[in-house]
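So the chains spell out like this:
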Amino acid sequence: MTEIKPHGSHWGSFEAVVENGRLVEARPFARDPFPGSLLQSMPEAVHGKARIDRPYVRAGWLRGERRGSSRGGDDFVAVEWDRVIRLVAEESARVRAEHGHASILGGSYGWSSAGRYHHARTQLHRYLGMGGGFTAQVTNYSYGAGMTLMPHVLGTNEVIQGPVTDWGSIRKHTKLMLCFGGLPLKNGLVTSGGAGGHEYVPLMKAAVAAGVRFVNISPFKGDVGDFLGAEWVPIRPNTDAAMMFAMAHVVISAGREDADFLARCTVGWDRFRDYVMGAADGVAKTPEWAEAITEVPAATIRRLAMEAAGAPTMCTATWSIQRAEHGEQPWWALTAFAALLGGIGKPGQGIAFGYGSMNGMGTPRHEVPSVAGPAVRNTCGAYIPVARVTELLERPGEILQYNGRDLLLPDIRLIWWAGGNPFHHHQDLGRLLRAWNRADTVVVQEPWWTSVARHADIVLPATTTLERNDIGSASRDRYVRAMHQAIPPVGQARNDVDILADLADAAGFRAQFTEQRDEGAWLRHLYGRWRQACAAQGIEVPDFERFWAEGFVEIPAPEQDYVQFAEFAADPEANPLNTPSGKVEIFSETISSFGYAETPGHAVWMEPTEYLGSPLAQTFPLHMLSFQPSTRLHGQLDSGPVAAADKIQGREPIRMHPDDAAARGLVDGQVVRVFNARGAVAAGLRVTADIRPGVVAMATGAWWNPATPGATDAACIHGNANVLTADIGTSRLGQGSAAQSCLVQIEAWPGEAPPVTVHVPPAGATAVP
Ligand SMILES: Nc1nc2c(c(=O)[nH]1)N[C@H]1C(S)=C(S)[C@@H](COP(=O)(O)OP(=O)(O)OC[C@H]3O[C@@H](n4cnc5c(=O)[nH]c(N)nc54)[C@H](O)[C@@H]3O)O[C@H]1N2
Ligand SMILES: Nc1nc2c(c(=O)[nH]1)N[C@H]1C(S)=C(S)[C@@H](COP(=O)(O)OP(=O)(O)OC[C@H]3O[C@@H](n4cnc5c(=O)[nH]c(N)nc54)[C@H](O)[C@@H]3O)O[C@H]1N2
Ligand SMILES: [Mo]
C-alpha cells in the first residue's frame, strides 16, 4: 500500500511516498518553483547502513576509562535502552556534583533537522538548562565574526540575517551588483528550518532580465549561475579587503564620494579616508597597491569603482568571506565603501551580506514571526564563542578574550551533542580529537554513524524527522509546513525529546520538562502561540486542524518592496541606528577601546598568516577553499546517492586549475594527497579552468575517515577538508571560524588508496535490518 504524507527538511518541502513502512521517494512540494536534487538522497539516508540501530557504549568507557582515554578506535558494545538511560543519568549527576554545572559542554552546535518541536539542540538545551545549566556556545560558524562586528557598525544583524533589501527592489533599481564570493546557486538549495519554496533562481533571473549587471569577485567562476552573465574577477582568496580599499581610493580621488550621506549618516569617515589615502600610515591604498596583493588588475579595480560611483549599486559579500583570519575586515571595508557611495537605505542600493549564501535571503515576504520551539533557560552563565571549542577543552581555567570581554574557560568533563557534528564543522580535526579526549565522558544523540557518533562514549540512536510529527518553519520562508510522521522508528531509534524526558525523569523533573504535553499537544500549543502572534500583526492563519489537514500555510507576499535602512537614511536623527552614535560607524570607538591590535577602530588591510602572499606559501603553495557542498547539507546526506555520484573513486572532489595540475603531473579523475603541517587527506582530482591558478577548492561534509580509527594524526582517506584547516579565531573581536585561511600542497596519492569505510557501522555495531 502506498501512503503520501506532507513533510519538510532544510533542503526542501516534500511529500513522503511510503510503501510497507519504508520511504521510497521524497517528491518535491508542488508549490516549490525550483526544488533541489537533495531530496533524492533521502530514502537511502533514512533506511541505509549508516543508521544507528540501537544504543551503544564504548568498550573502554564500560571498563572505566574516562579522562584521557582515546576515542574512535574502540569497539562499541550494544546495551539496552533502560541501562543506557541509567548510565547517562548517573554520569551526568556525578559530573554536576563533583565538578559543577559549567563542566558540562552542552552547546551542541549544529543544524539538527527541520521541525520546531523536535529540534534536537533546543530540546537538549531545555533538558540541560532545567538540570542546572551547562556551558553554552554563542554565535555560529556561518557568520560568527560578522555577527559580532555588525552590531558595532550598523547596530543590527539584520544586514546578515534579514530582512534585507529584497530582490524586487534590486530588480527595479539596481544597475550594478558587486558580489564578493559570487551568488553560488548551490547555497540556495537550503534554508535553516526548511524551505517551502526555492525562489532564489527565479528572482535572480528576473533581475537579469531587468538588466542588472553582476560582477562575480571570487577565485571560483562557478560561484554564479551561467544565466547571470556575470563578469568574473578571479581574486586571490582572503584579499578582498585590499580591493575594497583600492575602490574607495578611486572614488575618493575622483571626488565622487557622497559627502552629504557621509556627513548625515556616518561617523569616523575622515579617519577612514586618511587610512585609504595614506595620510595615516604613509601607504596609499591605490589600485596598484591592491593589485600586488589581490592579483586583480589595477585597471579592473578602477573601472569597477567608477562604475559603482556612477550607477545605483548593490554591494554584497557571501558569509564565507568573513570565515577567514581577519574576516571582520572585508565586511567592515565593504560597509564603508557602500557608505561612500551613499546608497545605504536607497532602493536597490547599499549593502547586505549573504544574498548568495542561503535560500530566502532577499525573498519578498511578510515579516511575521516563525513558529517558535519550546522555551529554554540556562542559568549557568558560562559560554564560549562557538568556534573556540578546542581551545575551551585545551585551556581550562584560562582566559579567552572575546568582543571586549575576558571569558573564563571552564573545566569540561562531560561533552554532550544532539543535532550537530563538531567532527564535521570544526577545523583541524586531529587537534580537536586530542582535546576531545580530555573529557571524562562524551554523550551523542544521532540518527547516523557520523564522525561525532563514532567519537562518543555513549551513543543514543535518534529518530529522523520522518519518524515523528512536527511543524517546519523558517524565518526566511513564506510557508509553514506540517511534517506528518511517515514511517515507524527505524531500529530502536527514539525521539530526542523522549530520550531526554526519561533522563529528566531520572533527575526528578519530567513533568517540568514535558509540561505534561505529548507530541500532539505540543504541536497544537506551539502552533496556537504562532497563530496568536500572526493575529497581533493582522494576519489571519487557519486553525491547527485545517493546517494539519492541508499540510501547509502560505503567508502572502507583501505588495511593497523592502528597502533596508530606508527610514534611517531618510532621517537619521529621528530613526537612529542602534550604534553608540546612532550612525554607521566607519570608525568605532567601542572596538578601538578593546585595544586589540588586530582590530583597530576602522577597517584595515591585515595580512592573514596563511594566504598566497604569505611566507608559508613557499612550502604550501595552494590556497584551499572549503565551501558548502552542492550534494548535501554539511555532513548530512553524505551517505546518500547524490553525494556518492559526485565523488571520484569514492573520494571528495577537489578542484584545481589545469596549470597547477600539469605542473604536478596530475590528471583529472585521479586520487591525490592533499596535505599541510596539520594533516593529509585523500581527494579525487577535478581539473577545471573555472578556478583560478594557485587555488583549490573542496566541499565540506565528507565524513571523516581516519586511515586508523582513533588516531589523531592519520590521513583521512575520504576527503574531509577540516583535517587541513587552521583552528584559529578570526580575531579576538569576533573569534569566528577561520576555515578559509588554509594553505596546502598536493601530490599523487602513493599507491592505491584504501577503501572508504565510514558509511557502515563501526566495530562492534550492527546495521539496521
Ligand atoms: N572547513 C569548513 N568547515 C565548515 C564550514 C566551511 O565553510 N568550511 N562551514 C561551517 C558552517 S557555516 C556550519 S553552519 C557548520 C555546520 O555544521 P553542523 O551543523 O554541525 O553540520 P551537520 O552535518 O548539519 O550536523 C548536524 C547533525 O545533526 C544530526 N541530526 C539531524 N537530525 C537530527 C535529529 O533529529 N536528532 C539528532 N540528535 N541529530 C540529528 C545530523 O545527522 C548531523 O550529524 O559547518 C562549519 N564548518
Ligand atoms: N547546498 C548547500 N547549501 C548550503 C549549505 C550546505 O551545506 N549545502 N550550507 C548553508 C550554510 S550553514 C551556510 S552558513 C551558507 C554559507 O554560505 P557561504 O559562506 O556564502 O558559502 P560558501 O560555499 O562557503 O562560500 C561561497 C563562495 O565564496 C567563495 N570564497 C571563499 N573564500 C573567498 C575569499 O576569500 N574571497 C572571495 N571573493 N570569495 C571567496 C568560494 O569560492 C565559495 O564558493 O550556505 C548554506 N547553504
Ligand atoms: Mo552555516
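Residues numbered from 1 in each chain as written. Chains lettered and ligands numbered in written order. Predicted model: local features only at pLDDT ≥ 70, side-chain atom pairs only at ≥ 80, totals over all residues. Heavy atoms only, no water.

1. A look at the overall build of the protein
Helix and strand content of the protein: 26 helices and 29 strands. For 769 residues, the compact-globule estimate of 2.2 N^0.38 gives 27 Å, and the C-alpha radius of gyration of the protein, at 25 Å, lies within 12% of that figure. Taken along the three principal axes of its C-alpha coordinates, the protein extends 75 × 65 × 50 Å. A burial count over the protein gives 64% of its 769 residues as buried. Sequence-distant contacts in the protein: of pairs separated by 6 or more residues, those separated by 24 or more amount to 75%. About 25,500 Å² of surface is accessible on the protein, with carbon and sulfur atoms providing 50% of the total. Taking the average location of the 68 positive side-chain charges in the protein and that of its 80 negative ones, the two points are 2 Å from each other. (Helix = DSSP H or I, 4+ residues; strand = E, 2+ residues; numbered from the N terminus. Rg over C-alpha atoms; globule rule 2.2 N^0.38 Å. Buried < 20%, exposed > 50% of the residue type's maximum accessible area, 1.4 Å probe, protein only. Contact = heavy atoms within 4.5 Å. Areas by Shrake-Rupley, 256 points an atom, 1.4 Å probe, with all protein chains shown as cover. Lys, Arg positive; Asp, Glu negative; His and termini not counted. Charge placed at Lys NZ, Arg CZ, Asp CG, Glu CD.)

2. A closer look at the site of ligand 2
Taken together, 31 residues sit near ligand 2, with Lys186, Asp223, Asp240, Arg323 and Ser357 positioned nearest. Separating an oxygen atom of ligand 2 from a backbone N or O atom of Asn238 is a distance of 2.8 Å. A distance of 2.8 Å separates a nitrogen atom of ligand 2 from a polar backbone atom of Pro629. In isolation ligand 2 offers 910 Å² of accessible surface; the protein chains occlude 99% of this area. Among the residues forming the shell around ligand 2, the class breakdown is 16 nonpolar, 10 polar and five charged. Residues from two domains meet in the shell around ligand 2; each of domain 2 (164-364 + 572-586) and domain 3 (615-748) gives at least three. (Near = heavy atom within 4 Å. Polar contact = N/O pair within 3.5 Å; in protein donor to acceptor, adjacent residues only side chain to side chain. Nonpolar A, V, L, I, M, F, W, Y, C, P; charged D, E, K, R; others polar. Domains from an automatic or database assignment.)

3. Regarding the packing of aromatic side chains
As enumerated under the stated definition, the model contains 29 aromatic pairs in all. The cationic tip of Arg271 hangs over the ring face of Phe587; the distance from NZ or CZ to the ring centre is 3.8 Å. When the ring centre of Trp522 is taken as reference, the NZ or CZ atom of Arg517 above it lies at 4.6 Å. (Phe/Tyr/Trp six-rings, centres within 6.5 Å; stacked < 30°, edge-to-face > 60°. Lys NZ or Arg CZ within 6 Å of the ring centre and 35° of its normal.)

4. Points about the domain arrangement of the protein
According to the domain assignment, the protein contains domain 1 (2-140 + 371-554), domain 2 (164-364 + 572-586) and domain 3 (615-748). Inter-centroid distance (C-alpha atoms) of domain 1 to domain 3 is 28 Å. If you look at the interface, domain 1 gives 39 residues, while domain 3 gives 37 residues. Between domain 1 and domain 3, a total of about 3,200 Å² is buried, with carbon and sulfur atoms accounting for 58% of that surface. The tally of links from domain 1 across to domain 3 stands at two salt bridges. (Buried area = accessible area lost by both parts, 1.4 Å probe. Salt bridge = Lys/Arg side-chain N within 4 Å of Asp/Glu carboxyl O.)

5. Concerning the site of ligand 1
Near ligand 1 lie 34 residues; those nearest to it are His425, Glu446, Asp496, Gln636 and Asn722. Within the backbone of Gly635, an N or O atom sits 3.0 Å from an oxygen atom of ligand 1. Coverage of ligand 1 by the protein amounts to 98% of the 920 Å² it exposes when considered alone. Listing elements by their share of the shell around ligand 1, those giving two or more residues are helix 16 (422-425) and strand 18 (441-446).

6. A look at the packing of helix 9 (residues 240-253) against helix 13 (residues 298-310)
Their axes nearest at 9 Å, the elements helix 9 and helix 13 cross at an angle of 60°. Between helix 9 and helix 13, the crossing angle belongs to the class labelled oblique. Note on packing geometry: the crossing formed by helix 9 with helix 13 is right-handed. Note on element contacts: helix 13 touches helix 9 through Ile301, Arg302, Leu304, Ala305, Met306 and Ala309, opposite Met243, Ala246, Met247, Val250 and Val251. For the contact of helix 9 with helix 13, the residue count by class is 10 nonpolar, no polar and one charged. (Axes fitted to C-alpha atoms, helices over the stretch in contact; angles between N-to-C directions. Parallel < 35°, antiparallel > 145°, perpendicular 65-115°, else oblique. Left-handed = near helix turned anticlockwise from the far one by under 90°.)

7. Thoughts on the pattern of salt bridges
Tallied over the entire structure, the rule returns 51 salt bridges. One salt bridge connects Arg678 with Glu610, and the closest N-O pair in it is separated by 2.9 Å. In this pair, Arg678 is assigned in the loop between strand 26 (671-676) and strand 27 (679-687) and Glu610 in the loop between helix 24 (589-594) and strand 24 (622-627), connecting sequence segments 68 residues apart. A network of salt bridges, in which partner residues are shared, links Arg67, Glu91, Arg94, Glu98, Asp411, Arg413 and Asp440.

8. Points about the UniProt feature "domain: Molybdopterin oxidoreductase" (unreviewed entry) in the protein
The UniProt entry lists residues 51-505 under the feature "domain: Molybdopterin oxidoreductase" (unreviewed entry), expressed in the numbering used here. For residues 51-505, helix accounts for 36% and strand for 15%, while the C-alpha atoms at its two ends are 27 Å apart. (UniProt positions renumbered as here; feature names shortened; annotations may be inferred.)

9. Observations regarding the state of the cysteines
Inspection of every chain in the model, using the stated rule, returns zero disulfides. No disulfide involves Cys716; its sulfur sits 14 Å from the nearest other cysteine sulfur, which is in Cys742. Looking at Cys716, the relative accessible area reads 0%, which means it is buried. (Disulfide = S-S within 2.5 Å.)

10. What about the UniProt feature "domain: Molybdopterin oxidoreductase N-terminal" (unreviewed entry) in the protein?
UniProt feature "domain: Molybdopterin oxidoreductase N-terminal" (unreviewed entry): in the numbering of this structure it lies at residues 7-47. The span residues 7-47 shows a helical share of 15% and a strand share of 44%, and its end C-alpha atoms are spaced 17 Å apart.

11. Side note on the pairing of strand 1 (residues 2-9)
Pairing of strand 1 with strand 2 (residues 12-19) involves eight bridges; the strand directions are antiparallel. Across the sheet, the residue bridging to Glu3 is Val18, located in strand 2. Counted between consecutive antiparallel strands, the loop separating strand 1 from strand 2 contains two residues. (Pairing = 2+ DSSP bridges.)

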